[in-house]
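Listed below are the residues making up each chain.
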Amino acid sequence: MSSMEDVTRNVRRRLVEEAARMEETGSEQRSLRDRVAALVREQAAPLDRDQHELLVERVLSSAVGLGPLEHLINDPAVDEVMVNGPASVWIEREGRVERTGVEFASAEELMNVIERILGPLGRRVDEASPLVDARLPDGSRVNCVIPPLSLDGPLLTIRRFRRRGFALEDLVANSTLTEELGEFLAAAVRARANIVVSGGTSSGKTTLLNVLSSLVAGGERIITIEDAAELRLQQDHVLRLESRPANLEGEGEITIRQLVRNALRMRPDRIIVGEVRGAEALDMLQALNSGHTGSMTTVHSNSAADALRRIETLALMADVALPHAAVRQQLASALDVVVHLERDRAGARRVVALVEVVRFAGDVGVKSLFTVGDHGLHRASDELARRLEAAK
């Protein structure tokens, strides 16, 4: 054999052939490790014991596991795995992005891993459908892009799901927010304020939304709506909805917007939308203006003020010919507080701004309650202050 990769591919091929023969003849199956060990001895007899065991492990991970990614996925310190083609694998560990020494032998081996990830989920990726989003059983998010859309080979991104979520005290302890800010947000949740969490990619929006959602009283009926389910609420009365992409025939798609509309018929006390990114923004605003207070969502934006403008723009994308002024009035009436997070160069996530949404002269604006560097919070408007006081 010219290399260990050649042996690995040959053994994997022989395993497939042997499994097919056993299925046809109904012969008794040995354990997978025994079969692999026998085939490795046959294909690479000169190897010493240590090399033999190493090759057996490599074939097993290549045949039934995630190949070179196996140890990265099993590392609890790794939050994200980013495969930028067969020869470039990066990870995010403790907020820092770093390159690993992991490589795939070929684009074919990387595609085998992608197919093993997607297969049990009932999803597929091929030239006809060269990109896919999926969720693993443990809640981790998976995104795949393959040629011809990807010019440098298959791309794979896995965002790990933390089995143990954060509590508000954890965010205070790691300086994501101050204790005073945490107390304000907890009071806002109890007061049924409508809260938007904004920020850039990987700034901690979903983490903070999870923490705020966990503060909702246990007896309330909560409906969560997401593209890929990441929220993990511990209350008893939680209904989790997840959107669905179209099938290969282009049929069967269920959008976030459809789920928001349907949620209104499910007698919710609170609606929590994982992220607003399209025309569902209008339905969300209408829900918040029709008695469904205490709801929450996230949005991508560069600042708290930009978050309002982005939601306004998304609402105008809906196929409803509402005047611009009407959308702004809906926005002004629907939202109470925007929390903005940023991720610094060291990888730390921080709440850098907290604003109250205020109404004036038929328009909408923001009043700063906290920015980085402030010593304490500024006083909220009389109306919001009364609500927070009543919720204590």
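Reading guide: rules and limits
Residues numbered from 1 in each chain as written. Predicted model: local features only at pLDDT ≥ 70, side-chain atom pairs only at ≥ 80, totals over all residues. Heavy atoms only, no water. Helix = DSSP H or I, 4+ residues; strand = E, 2+ residues; numbered from the N terminus. Buried < 20%, exposed > 50% of the residue type's maximum accessible area, 1.4 Å probe, protein only. Contact = heavy atoms within 4.5 Å. Axes fitted to C-alpha atoms, helices over the stretch in contact; angles between N-to-C directions. Parallel < 35°, antiparallel > 145°, perpendicular 65-115°, else oblique. Core = buried A, V, L, I, M, F, W, Y, C linked by side-chain atoms within 4.5 Å. Pairing = 2+ DSSP bridges. Polar contact = N/O pair within 3.5 Å; in protein donor to acceptor, adjacent residues only side chain to side chain. Left-handed = near helix turned anticlockwise from the far one by under 90°. Nonpolar A, V, L, I, M, F, W, Y, C, P; charged D, E, K, R; others polar. Salt bridge = Lys/Arg side-chain N within 4 Å of Asp/Glu carboxyl O.

**Student:** Pulling in residues and values, what's your account of the overall build of the protein?
**Tutor:** Along the backbone of the protein there are 13 helices and 14 strands. Among the 392 residues that make up the protein, the fraction classed as buried is 48%. A fraction of 53% describes how many contacts in the protein between residues 6 or more apart in sequence connect residues 24 or more apart.

**Student:** Run through the packing of helix α10 (residues 280-288) against helix α11 (residues 304-316), naming residues and quoting values.
**Tutor:** Two numbers describe how α10 lies on α11: the axes approach to 6 Å, and their chain directions differ by 105°. As judged from the angle between their axes, α10 and α11 are roughly perpendicular. Along the contact surface, α10 presents A281, L282 and L285, while α11 presents I311, L314 and A315.

**Student:** Could you give me a rundown of the nonpolar core, with the residues and numbers involved?
**Tutor:** Judged by nonpolar contacts, the single largest core of 37 residues is most densely connected at I225, V273, I311, L335 and V338. Going through the elements one at a time, β8 (222-226), β9 (238-242), α9 (256-263), β10 (270-273), α10, α11, α12 (324-334) and β13 (349-360) are the ones with two or more residues in this core. Grouped together as the second largest cluster of nonpolar side chains are 35 residues, L171, L233, V339 and A391 included.

**Student:** Give me the sheet that holds β10: which residues, what numbers.
**Tutor:** Pairing is mixed across the open sheet formed by 8 strands, whose spatial order is β9-β8-β10-β11-β7-β12-β13-β14. Edge positions in the sheet fall to β9 and β14 (363-371), since each of these pairs with one other strand and no more. Geometrically, the sheet is characterised by an average inter-axis angle of 25° between neighbouring strands, direction not taken into account. Relative to β14, β13 runs antiparallel, the two sharing 8 bridges. Considered in β14, the bridge of L354 is made with F370.

**Student:** Outline the pairing of β13, supporting the account with residue identities and numerical values.
**Tutor:** Alignment of strand β12 (residues 337-343) against β13, held across 7 bridges, turns out to be antiparallel. Across the sheet, the residue bridging to V337 is E356, located in β13. The antiparallel hairpin formed by β12 and β13 contains 5 residues in its connecting segment, where G347 sits at a positive phi of about 95°.

**Student:** Outline the sheet that holds strand β5 (residues 141-145), supporting the account with residue identities and numerical values.
**Tutor:** With antiparallel pairing, 6 strands are arranged side by side in an open sheet as β3-β2-β1-β6-β5-β4. Both edges of this open sheet fall to β3 (96-99) and β4 (131-135), since each of them pairs with a single strand only. For this sheet, the mean inter-axis angle between neighbouring strands, taken without regard to orientation, is 15°.

**Student:** With reference to specific residues and values, describe the side chain of S203.
**Tutor:** By the secondary structure assignment, S203 is in the loop between β7 (195-199) and α8 (205-213). Engagement of the side chain of S203 in a polar contact is seen with the backbone oxygen of G200, the distance being 2.7 Å. Apart from the residues lying within four places of it in its own chain, the contact partners of S203 are L341, E342, R343 and R349.

**Student:** Report on unusual backbone geometry, specifying residues and quantitative values.
**Tutor:** Glycine aside, a negative phi is what most residues show, and trans is what most peptide bonds show. With omega at 10°, the peptide bond leading from P147 into P148 counts as cis. For P148, the position within the fold is in the loop between β5 and β6 (155-159). Notably, R192 is not glycine yet its phi reads approximately 60°, a positive angle. Along the chain, the position of R192 falls in the loop between α7 (179-190) and β7.

**Student:** Describe the side chain of E226, listing the residues and the values that go with them.
**Tutor:** In this structure, E226 sits in strand β8. A polar side-chain atom of E226 sits 2.7 Å from the main-chain amide nitrogen of E230. With residues up to four places along the chain from it excluded, the contact list for E226 reads L231, L241, E242, S243, I256 and G274.

**Student:** Provide a residue-level description of the pairing of strand β1 (residues 78-84), including the pertinent values.
**Tutor:** Extensive coverage of β1 is indicated by the burial of 6 of its 7 residues. Here β1 pairs with strand β2 (residues 89-93) via 5 bridges, running antiparallel. Looking across to β2, one finds that V78 is bridged to R93. Pairing analysis gives 5 bridges linking β1 to β6, with the strands arranged antiparallel. The residue bridging V83 from the neighbouring strand is L156, located in β6.

**Student:** Any chance you could break down the packing of α9 against α10 for me, citing the residues and the numbers?
**Tutor:** Put simply, α9 and α10 touch, their axes get as near as 8 Å, and they point 15° apart. Our classification of the angle between α9 and α10 gives roughly parallel. The two elements α9 and α10 cross, and the hand of that crossing is left-handed. Here α9 contributes I256, R257, V260 and R261 to the contact with α10, which in turn contributes E280, L282, D283 and M284. Taken together, the residues that form the contact of α9 with α10 break down as 4 nonpolar, no polar and 4 charged.

**Student:** Lay out the pattern of salt bridges in plain terms, naming residues and giving numbers.
**Tutor:** As enumerated under the stated definition, the model contains 21 salt bridges in all. The closest approach of N and O atoms between R349 and E92, which form a salt bridge, is 2.8 Å. Of this pair, R349 sits in strand β13 while E92 sits in strand β2, and the two are 257 residues apart along the sequence. Judged by its relative accessible area of 3%, E92 falls in the buried class. Within the structure, one salt-bridge network assembled from shared partners comprises D75, R93 and E98.

In short, geometric facts, not functional conclusions.
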